[in-house]
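Observations on the three-dimensional arrangement
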Amino acid sequence: MTDHDTTFQWDSLWLGANIATMKGGQYNLIEQGAIGVRNGHIAWIGVQGDLPEGYEAKQTYHLEGGLITPGLVDCHTHLIFGGNRANEFEMRLNGASYQDIANAGGGIISSVKATRAASVAELVATAQPRLASLMADGVTTVEIKSGYGLNLQSEIDMLRAAKALLDANPVDVKTTCLAAHALPPEYAGRADDYINYLCDEVLPKVAQLGLADAVDAFCEGIGFSVAQTERYFNAATQLDLPVKLHAEQLSSLGGSTMAAGFRALSVDHLEYVTEEDVQAMAAAGTVAVILPGAFYMLRETQKPPIELFRKHKVPMAIATDANPGTAPVLSLRLMMNMACTLFGMTPEEALAGATLYGAKALGVDHQVGSLEVGKKANFIHWNVSAPGELSYWLGGQLLQRRVYLGEVSE
């Protein structure tokens, strides 16, 4: 297998490892492979023995074994927030109910208060270690949502903090405006008015400032109705912003089918999705994002219907859902393992979910997610002998080298 252009002058050449390209969502393993990089992108990839005569490389890396995969893509996170809710985890384990925690000032509203009180610099400083953990685990592309501000200025601050993380780190950051995450205290009992505020003021300003790559909402009984979310999505579409959706996590409302009508990039969680929803997603090319961390932390029993996604050929992505309440997760590889052990996905499906289909869920699969000529040279050199090991090992330092735009970033 060889994929190349016709110019064999490269900035760097990587030799001596097996390569799981993940082209087409499969391992597509190249044994003893080679990657030529020019201007931060892949210029040649194939079997080392097929390297063209007369090639030149300014720097050659002899890897002496191991495995190269695309850089991991974490397509659903809430990395930026103020405060900390570890105390609520302890309260729940000591018998407190959700209502008890809410009455004590906890829950999402505590994150909203802390986020509103934080400066952009403070939000960046507290998010940086969380992002560093994901990067150390192999992530080279990450999505970061707003949604703990729930007013114009705080949502803008969160999105600006995400952009600051992009500027400060060797990682691609995609930003999502999740202003329809919950009902803020000042709109208690007035969900329709809050949606109007988002459509009339928040989304237009976010679009004007160019701060969001997509728009998201929480469509649930404890969030927003299908009709309210549809209005919000109509406003996003008029601003040329693609949409994503949290849906069918706790109940079956048909939000997935509604989102498919907007050709949503993804619908996420999906424990209660129906076959009709899945068929609509398949027709729209919408990715199913599987979030085992929230399922595990909430001790849920309803699993997402993996067989239905397979049956209807809906791509499955995997993400951390990193957030302060229901998924304090800082390892995408751990989520790959959980997707296999809890939900029955295969290791190949898990790796595809954390690479190519994670990229598709962000609309960037033409740039990242698989190792092909023309795509960004974002890849990981792992200390493993086979790709299935990435879902097999729980923890451990498997990453040997992290390469971002062709440059080593360890």
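Residue numbers restart at each chain and count upward from 1, following the sequence in its written direction. Totals for whole chains, interfaces and linings use all residues, but because this is a predicted model, local features are given only for residues with pLDDT of at least 70 and pairs of side-chain atoms are given and counted only at 80 or more. Excluded from the side-chain calculation are hydrogens and water; included are all heavy atoms of the structure.

**As for unusual backbone geometry**
Here is the rule we go by: A helix here means a DSSP run of H or I that spans at least four residues, while a strand means a run of E at least two residues long, and both kinds are numbered starting from the N terminus. Accessibility here uses a 1.4 Å probe with only protein chains present; expressed as a share of the type maximum, an area under 20% marks a residue as buried, one over 50% as exposed, and anything in between as partly exposed.
A positive phi angle, near 45 degrees, is found at asparagine 28, a position not held by glycine. Tracing the sequence through the fold places asparagine 28 in the loop between strand S2 (9-20) and strand S3 (29-38). Positive phi, normally seen in glycine, also occurs at aspartate 240, with a value near 65 degrees. Relative to the helices and strands, aspartate 240 is located in the loop between helix H7 (226-238) and strand S11 (244-247). Given a relative accessible area of 69%, aspartate 240 falls into the exposed group.

**Topic: the environment of glutamate 220**
Stated formally: We call two residues in contact whenever any of their non-hydrogen atoms come within 4.5 Å of each other.
Looking at the secondary structure, you find glutamate 220 in the loop between strand S10 (214-219) and H7. With a relative accessible area of 3%, glutamate 220 lands in the buried category. C-alpha separation for the pair glutamate 220 and alanine 339, spaced 119 residues apart in sequence, amounts to 23 Å. Aside from chain neighbours lying at most four places away, what touches glutamate 220 is Ala247, Glu248, Gln249, Leu250, Ser251 and Leu253.

**A word on the UniProt feature "binding site: Zn(2+)" (unreviewed entry) in the protein**
To keep it simple, the criterion reads: UniProt positions are given in the numbering used here, feature names are shortened, and annotations may be inferred rather than shown by experiment. Pairs of N or O atoms are called polar contacts if they sit within 3.5 Å, as long as, within protein, a hydrogen donor faces a hydrogen acceptor (for residues adjacent in sequence, only side-chain-to-side-chain pairs).
Residues annotated in UniProt with the feature "binding site: Zn(2+)" (unreviewed entry) correspond here to His76, His78, His246 and Asp321. The named residues occupy 246 residues along the chain; their greatest pairwise C-alpha distance, 12.4 Å, places them in one compact cluster. Checked against the element boundaries, histidine 76 lands in the loop between strand S7 (72-74) and helix H1 (86-93). Taking the relative accessible area as the measure of exposure, histidine 76 reaches 0% and is therefore buried. If near-sequence neighbours (up to four positions away) are discounted, histidine 76 is found in contact with Glu143, Lys145, His246, Asp268, His269, Val289, Leu291, Ala319, Thr320, Asp321 and Ala322. One can find aspartate 321 in the loop between strand S14 (316-318) and helix H12 (332-343). Since its relative accessible area comes to 2%, aspartate 321 is described here as buried. Aside from chain neighbours lying at most four places away, what touches aspartate 321 is His76, Thr77, His78, His269, Leu291, Ala294, Thr326 and Ala327. Here the side chain of aspartate 321 touches histidine 78 through a polar contact of 3.2 Å, side chain to side chain.

**Topic: the pattern of salt bridges**
Side chains carrying opposite charge are able to pair once their charged atoms draw close together. Selection rule: Throughout this description, the term salt bridge denotes a Lys or Arg side-chain nitrogen within 4 Å of a carboxyl oxygen of Asp or Glu.
Within this structure, the stated rule accounts for 14 salt bridges. For aspartate 11, the salt bridge is made with lysine 58, and the minimal N-O distance between the two is 3.6 Å. Remark: lysine 58 occurs in strand S5 (residues 56-62) and aspartate 11 occurs in strand S2; sequence separation between them is 47 residues. Aspartate 137 is paired through a salt bridge with arginine 333; the nearest N and O atoms lie 3.5 Å apart. With a gap of 196 residues between them, aspartate 137 in the loop between helix H4 (120-136) and strand S8 (139-145) and arginine 333 in helix H12 connect regions that are remote in the sequence. Take aspartate 137 and arginine 333: they sit in the same class, and that class is buried.

**Focus on the nonpolar core**
Put simply, the rule reads: Nonpolar core, defined: a set of buried Ala, Val, Leu, Ile, Met, Phe, Trp, Tyr and Cys residues in which side-chain atoms within 4.5 Å join the residues together. What marks off one domain from the next here is an automatic or database domain assignment.
Membership of the largest hydrophobic core comes to 96 residues, with the highest contact counts inside it found for Ile80, Val142, Cys177, Leu198, Tyr232 and Phe309. At 9 residues, helix H6 (residues 191-209) tops the list of elements feeding residues into this core. Counting contributing residues per domain, this core is built from domain 1 (8-70 + 371-409) and domain 2 (72-362), each supplying no fewer than three. Among residues more than four places away in sequence, those in contact with cysteine 177 are Ser146, Glu155, Leu159, Leu203, Val206, Ala212, Ala214, Val215, Asp216 and Tyr232. Ala17, Tyr61, Leu63 and Val403 belong to the second-largest nonpolar core, a separate cluster that totals 15 residues.

**Brief notes about H12**
Test applied: In a helix, the anticipated span is given by 1.5 Å times the number of residues less one.
Under the 1.5 Å per step criterion, the end-to-end length of H12 is 15 Å for 12 residues, consistent within 8% with the ideal 16 Å. The opening residue of H12 is serine 331, an N-cap whose side-chain oxygen sits 3.5 Å from the backbone nitrogen of arginine 333. In the stretch just after H12, glycine 344 is the one whose phi turns positive, near 80 degrees.

**With respect to the environment of leucine 241**
Structurally, leucine 241 is set in the loop between H7 and S11. Judged by its relative accessible area of 9%, leucine 241 falls in the buried class. Along the chain, leucine 241 and aspartate 277 lie 36 residues apart, while their C-alpha atoms are 22 Å from each other. In contact with leucine 241, not counting residues within four places along its chain, are Ala207, Ala212, Asp213, Val215 and Ala236.

**Focus on the domain arrangement of the protein**
Here is the rule we go by: Note: buried area is the sum, over both parts, of the accessible area (probe 1.4 Å) each one loses when the two are combined.
We note that the domain assignment places domain 1 (8-70 + 371-409) and domain 2 (72-362) within the protein. For domain 1 and domain 2, the distance between their C-alpha centres works out to 31 Å. Contacts between domain 1 and domain 2 engage 27 residues on the former and 24 residues on the latter. In this assembly, domain 1 packs against domain 2 so that about 2,000 Å² is buried in total across both faces, 56% of it on carbon and sulfur atoms. Together, Ser391, Arg402 and Tyr404 form the three largest contributors to the area buried by domain 1 at its contact with domain 2, with a combined 28%. Taken together, the connections running from domain 1 to domain 2 amount to 1 salt bridge.

**Some remarks on the pairing of S3**
Selection rule: A pair of strands is treated as paired once DSSP finds two or more bridges between them.
Judged from the 7 bridges that link them, S2 and S3 form a sheet pairing that is antiparallel. Looking at S3, one finds that serine 12 is bridged to valine 37. Bridge count for S3 against strand S4 (residues 41-47) is 6 bridges, and the pairing is antiparallel. Residue pairing in the sheet places glycine 33 in a bridge with valine 47 of S4.

**Notes on the state of the cysteines**
In plain terms, the rule: In plain terms, two cysteine sulfur atoms within 2.5 Å form what is called a disulfide here.
Following the criterion strictly, the structure yields 0 disulfides and no others. In this model cysteine 177 remains outside any disulfide bridge; the closest cysteine sulfur is found in cysteine 199, 11 Å from its own. Using a relative accessible area of 0% as the deciding quantity, one classes cysteine 177 as buried. Of all cysteine sulfurs, the one in cysteine 75 lies closest to cysteine 340, which takes part in no disulfide; the gap is 16 Å. On the accessibility criterion, cysteine 340 (16% relative accessible area) is buried.

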